[in-house]
Amino acid sequence: MTQAPNRPADPSLVEGDVRLLPSHLTVVLDGVVRRFHYVWLRDNSWASEDRVAQSSERKLFTADIPEAVAPVSAGYDPELGLDVLWNDGRACTYAPAWLRRHDYSDEPTRQDRRFTPTPWDEKASGPPRVAHTDVVGTTTGQLAYLDALREFGAVIVTGVPSLDREVERFAEIFGPVRELAFERVHNVRLDPAGYNVAHTSGELKPHTDFPSYAWPPSVQLLHFRANRTTGGESTLVDGWAAIAELRRAHPEHFTVLTRVPVPYQLFSEHEDTAAEAPMIELDTSGDVRLCRFSNQLAQPLRAPFDQVEAFYAAYRTLGRIIDSGRYRATFKSADGDLLTVHAHRVLHGRLAYDPASGDRHLQNVYMEFDDLTARRRVLRGEHKPLPAQPLR
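Residues numbered from 1 in each chain as written. Predicted model: local features only at pLDDT ≥ 70, side-chain atom pairs only at ≥ 80, totals over all residues. Heavy atoms only, no water.

Right, let's get into the packing of aromatic side chains. For the coordinates displayed, the defined rule picks out 17 aromatic pairs. With a centroid separation of 6.0 Å and 80 degrees between ring planes, the pair formed by phenylalanine 36 and tyrosine 104 is classed as edge-to-face. One end of the pair, phenylalanine 36, is in strand β3 (residues 32-37); the other, tyrosine 104, is in the loop between α2 (96-102) and α3 (109-113), and 68 residues separate them in sequence. Tyrosine 104 gets classed as partly exposed once you look at its relative accessible area, which sits at 27%. An aromatic cluster of at least three residues, connected via ring pairs, comprises Phe36, Trp40, Tyr94, Trp98 and Tyr104. If you follow arginine 150 out to its NZ or CZ, it ends over the ring of phenylalanine 115, 3.6 Å from the centre. (Phe/Tyr/Trp six-rings, centres within 6.5 Å; stacked < 30°, edge-to-face > 60°. Helix = DSSP H or I, 4+ residues; strand = E, 2+ residues; numbered from the N terminus. Buried < 20%, exposed > 50% of the residue type's maximum accessible area, 1.4 Å probe, protein only. Lys NZ or Arg CZ within 6 Å of the ring centre and 35° of its normal.)

Right, dumping it as structure tokens:
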């Protein structure tokens, strides 16, 4: 992918003009002045001495780069790119396409490169659907599945065989199943001795699973082996959309929920998981990366005395947004449906059902979103780095 500069092209600039400045150089590409620090260019050398030939991994140790690293000379060739002879003796070439892709001259560049998923509106419909035969049989179908999960945070695969552990076999098409406490393949059905509220027939408010891990699983796959009861409709809520409303309308509540850690626990007779973390976690750009919301697993708050009332005001406000019906899709899942959710974004739940009205049995496994996005890059042929210069 070619990085588009944020500045308009200037036809008066000389294409390929290189200028050496105290800490960085500039080169004109596409009528735009691009800036690169010397230490950054030297650190990203693709010279054969600085890379492992068979894997393209870095061999140059960053700490060994001299503090005063700088070019002895530099020039630009339209075909080969930027040629630099460094004062440590290394000769490096940086191809035009490589320079365009990695240009960081503009402050907003990182944001421009970020993928922004589509938030659900206030009349959310059910998730996209793809057929099992397409997903398991074609690259196009696999990409449709992965694209839908990336874009909308949820996708349903229809017509999955209602076989024991079929959800595990399906998951392994895309990556490793995450091992968790209790079971590798979790069985969700009515169980009077069950360790979780999911083993009852009552309503499950929208929630995220395993907030009781420091890093909760980021993908959940739920296979409806049988769903023939009266009631029991599935509910999904776009947690990020709900949080966005909270951030717009109640910024003070949003701030509280990013700072106050909440204890969560899920346990059985022989297993235990416990963690303490804020409900909303942000990335380095201030965007939401993780929603941790589970009313049933929350434990007594251990916040400072003067933060408790502010926390509960924020908690109740977010809970009301989530439970309002906005950003919520409600639908009946059929036998053979396999629901996949981006579990750091989308909350899942169900309405109450009558256990005497029919069979209801789900099996689910967990994965990591990173593994699925990596699989998507492989299928699209985008996972290998663009060399700055050919390795000899």
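Looking at helix α7 (residues 239-249), one finds that the buried residues are Gly239, Trp240, Ala241, Ala242, Ile243, Glu245 and Leu246. Sitting at the head of α7, aspartate 238 places a side-chain oxygen 3.1 Å from the backbone nitrogen of tryptophan 240. (Polar contact = N/O pair within 3.5 Å; in protein donor to acceptor, adjacent residues only side chain to side chain.)

With nine of nine residues buried, strand β11 (residues 219-227) is to be regarded as a mostly interior element. In terms of strand pairing, β11 meets strand β19 (residues 338-342) through five bridges, oriented antiparallel. Looking at the pairing, glutamine 220 lines up with valine 341 of β19. Taken together, the eight bridges between β11 and strand β22 (residues 360-367) define a ladder with antiparallel strand orientation. (Pairing = 2+ DSSP bridges.)

A few words now on the packing of α7 against helix α8 (residues 251-259). Any two packed helices are characterised by the angle at which their axes cross and by the distance between the axes. Orientation of α7 relative to α8, taken along the N-to-C sense of each, is 125 degrees, at an axis distance of 5 Å. With respect to α8, the element α7 is oriented oblique. Along the contact surface, α7 presents Ile243, Leu246, Arg247, Arg248 and Ala249, while α8 presents Pro251, His253, Phe254 and Leu257. Its residues assigned to classes, the contact of α7 with α8 shows six nonpolar, one polar and two charged. (Axes fitted to C-alpha atoms, helices over the stretch in contact; angles between N-to-C directions. Parallel < 35°, antiparallel > 145°, perpendicular 65-115°, else oblique. Contact = heavy atoms within 4.5 Å. Nonpolar A, V, L, I, M, F, W, Y, C, P; charged D, E, K, R; others polar.)

The strand order β7-β8-β19-β11-β22-β9 describes an open sheet built from six strands, whose pairing is mixed. Whereas interior strands pair on both sides, the edge strands pair on one side only; in this sheet they are β7 (129-131) and β9 (186-188). In this sheet, adjacent strand axes meet at a mean angle of 25 degrees when their direction is disregarded. Where helix α5 (residues 139-152) meets the sheet, it contacts β7, β8 (154-158), β11 and β19, and its direction lies at approximately 150 degrees from that of β8.

Below, the discussion takes up the nonpolar core. Counting residues in hydrophobic clusters, the biggest one holds 34 residues, and the most contacted among them are Leu257, Met279, Ile280, Phe293, Phe311 and Leu318. Sorting elements by how many residues they give to this core places helix α9 (residues 308-323) first, with six residues. Beyond its immediate stretch of four places on either side in the chain, phenylalanine 311 contacts Val256, Leu257, Val260, Val262, Met279 and Leu301. In this structure, Leu146, Val177, Leu221 and Leu338 belong to the second largest nonpolar core, which totals 22 residues. (Core = buried A, V, L, I, M, F, W, Y, C linked by side-chain atoms within 4.5 Å.)

Quick look at the pairing of strand β15 (residues 272-277) now. On any regular strand, side chains alternate: one points to one face of the sheet, the next to the other face. With burial as the criterion, only one face of β15 is covered, namely that bearing Thr273, Ala275 and Ala277; the residues Asp272, Ala274 and Glu276 on the opposite face remain uncovered. Pairing analysis gives six bridges linking strand β14 (residues 262-267) to β15, with the strands arranged antiparallel. Following the sheet pairing, tyrosine 264 is matched in β15 by alanine 275. Remark: four residues form the turn of the hairpin made by β14 and β15, two consecutive strands paired antiparallel.

Right, let's get into the packing of α8 against α9. Contact geometry for α8 and α9: axes closest at 9 Å, N-to-C directions at 105 degrees. As judged from the angle between their axes, α8 and α9 are roughly perpendicular. Touching His253, Val256 and Leu257 of α8 are Ala310, Phe311, Ala313, Ala314, Tyr315, Thr317 and Leu318, all from α9. Grouping the amino acids of the contact of α8 with α9 by side-chain chemistry returns eight nonpolar, two polar and no charged.

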